[in-house]
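# Breakdown of the fold
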2 protein chains.
Amino acid sequence: MKNILIEKAWRGADRCKNCAIRHLVLFSDLDHQDFDRIHHPIDDIDYEPGSWIYHQGDEMPFVYTIRSGLIKLIQHLPNGDRRIVRLLRQGDLAGLESLNGQNADHDAVTLDHVSVCRIPRSVIKTLQRDTPNLHDALIKRWQKALSGADSWITKLSTGNAKQRVARLLLLLDQASTDDSFFLPTREDMGAMLGVTTESASKATAEFKRQNWLKALSHNRAWIDTDELQRQFD
Amino acid sequence: MKNILIEKAWRGADRCKNCAIRHLVLFSDLDHQDFDRIHHPIDDIDYEPGSWIYHQGDEMPFVYTIRSGLIKLIQHLPNGDRRIVRLLRQGDLAGLESLNGQNADHDAVTLDHVSVCRIPRSVIKTLQRDTPNLHDALIKRWQKALSGADSWITKLSTGNAKQRVARLLLLLDQASTDDSFFLPTREDMGAMLGVTTESASKATAEFKRQNWLKALSHNRAWIDTDELQRQFD
DNA sequence: TTTCAGCATTGAAAATTTTCAATTCACCCG
DNA sequence: CGGGTGAATTGAAAATTTTCAATGCTGAAA
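Residues numbered from 1 in each chain as written. Chains lettered and ligands numbered in written order. Predicted model: local features only at pLDDT ≥ 70, side-chain atom pairs only at ≥ 80, totals over all residues. Heavy atoms only, no water.

What follows is about the protein's contact with DNA strand D. Within the structure, DNA strand D sits among 15 residues, and A:Ala161, A:Ser199, B:Arg186, B:Lys208 and B:Arg209 are positioned closest to it. At the protein interface, 65% of the atoms of DNA strand D within 4 Å belong to sugar or phosphate. Contact between DNA strand D and A:Ser199: a phosphate oxygen at 2.3 Å from a side-chain N or O atom of the residue. One of the side-chain N or O atoms of B:Arg186 is found 2.8 Å from a phosphate oxygen in DNA strand D. Those elements that place two or more of their residues in the surface near DNA strand D are helix H7 (197-209) of chain A together with helix H7 (197-209) of chain B. Ranked by residue count, the leading element in the surface near DNA strand D is H7(B), at six residues. By residue class, the composition of the surface near DNA strand D is three nonpolar, five polar and seven charged. (Near = heavy atom within 4 Å. Polar contact = N/O pair within 3.5 Å; in protein donor to acceptor, adjacent residues only side chain to side chain. Helix = DSSP H or I, 4+ residues; strand = E, 2+ residues; numbered from the N terminus. Nonpolar A, V, L, I, M, F, W, Y, C, P; charged D, E, K, R; others polar.)

Another aspect to go through is the protein's contact with DNA strand C. Taken together, 15 residues are adjacent to DNA strand C, and A:Arg186, A:Lys208, A:Arg209, B:Ala161 and B:Ser199 come closest. By atom count, sugar and phosphate contribute 69% of the portion of DNA strand C lying within 4 Å of the protein. In this structure, A:Ser201 approaches DNA strand C through a side-chain N or O atom, which is 3.0 Å from a phosphate oxygen. With respect to DNA strand C, the side chain of B:Thr196 contributes an N or O atom lying 3.2 Å from a phosphate oxygen. When residues of the surface near DNA strand C are traced back to their parent elements, those giving at least two are H7 of chain A together with H7 of chain B. A breakdown of the residues in the surface near DNA strand C according to their chemical character gives three nonpolar, five polar and seven charged.

Residues and elements named next belong to chain B. One can find Leu93 in strand E6 (residues 93-94). Residue classification places Leu93 among the buried positions, given a relative accessible area of 7%. Residues Leu93 and Asp188, 95 residues apart in the sequence, show an inter-C-alpha distance of 21 Å. (Buried < 20%, exposed > 50% of the residue type's maximum accessible area, 1.4 Å probe, protein only.)

This paragraph deals with the relation of the copies chain A and chain B. Of the transformation placing chain A onto chain B, the axial shift is 0.0 Å and the rotation is 180 degrees, giving an RMSD of 0.0 Å. On this basis, the relationship between the two copies can be described by a two-fold rotation axis. Of the C-alpha atoms belonging to chain A, the one lying closest to the rotation axis is found on A:Leu146, 2.7 Å away. (Least-squares fit on C-alpha atoms with pLDDT ≥ 70 in both.)

What is shown is where atoms sit, not what they do.
Spelled out as structure tokens, the structure:
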């Protein structure tokens, strides 16, 4: 049994070396020698849309590199209110707080089909001791998460409902590689913006009427970025 | 001239060794040998209330450990709107983004009398190469900043104006060591909560009428935490 | 093809927030 | 002690958002 696990571990680290998106993920700067230090299984996992990766309060033995797809981080208030506080996409890390031994700060829920690479905390800890490159990579993730959180406050939690929806659409569009982008449900939009589902819907519908937003296939949309920017900046 | 600077540098590092709040600041885990690596001046600086420590967009050659006092981080939107996105207090780091070579993400403005310890980025970079302890300390600061940002979103940017004001007061009270706490201006409260100055004022005044909030000396207040929690949680 | 379930949209009334214009308050200064 | 200044508070009207209920739309299942 032990052998099987170790075998799996090595396969895991080997996969990392040849990972197609390695330049985007956590191990981009490691060299071959570094990989040889990894003695714990790193697994690729796929999730259906709407899957819970972990729950707020869970113990966190893993950190997750997102290979593809979109994840929402939900935080609950004692009174039952909840906000989506961040979206994670390719190259981001979910469960950063595990590295400090903390329990999960959020629910992590997939918005579409998501593929992650699940890394035991112990692997990070081990590598951290000897590979400065990993430090830098981690610091960069932390920095990115933090500036994401800041702009979530200034862009998505400030101004009236239409402004917020416009800024959310612009952010989603900007983060997308092609010219369409993921359009969340109105309920999720509301939870991101701190407004009701109906308010999110009213703003969205208004933008559609103005032809500033066009729904394409399921969950995908296009926007007139210039016009939205001009109107709501 | 060079000698003067180096002399100053040694004095700086020496001060750190004997710093009264060293357990709270960035260098808590360094040993004597580590301090000997510091060859750049670390200065103690005091600021009057309302001083700008740096401006959004500034190049950032320093990171600042807060020894005492309270700092607001302000972020501006292109349209001129602005939000206070975080408060920093003893032991927190301002200008984290400097460590990635980025320009300042915020204005940092003192709310009361503030004393900081200004550390050149180069010192951190140098120490980082050789002292794993500093890594951990940095990671912890980042983690704290991030979870602060998250709860800013869920607690201070969600719900109606009264709820937000109540949660802000509870946070300020909780962070305080004695039984009074720093009560910001209504304008700053508004900028923290994403509501107008008047809305912040109306909620605050209402709490005073209910005797859930009492203004003490200038800028200091007391709250009935149980009652505020029960009412607005 | 029809039906159904789950979103999305809409409308109207109620509630909240903003806006704008006074006051009022607290404190500093001469 | 009186005046003056900046912040805080208040009130009323306008604007926005929520609430609640109804209706529409779309894709998947039968």
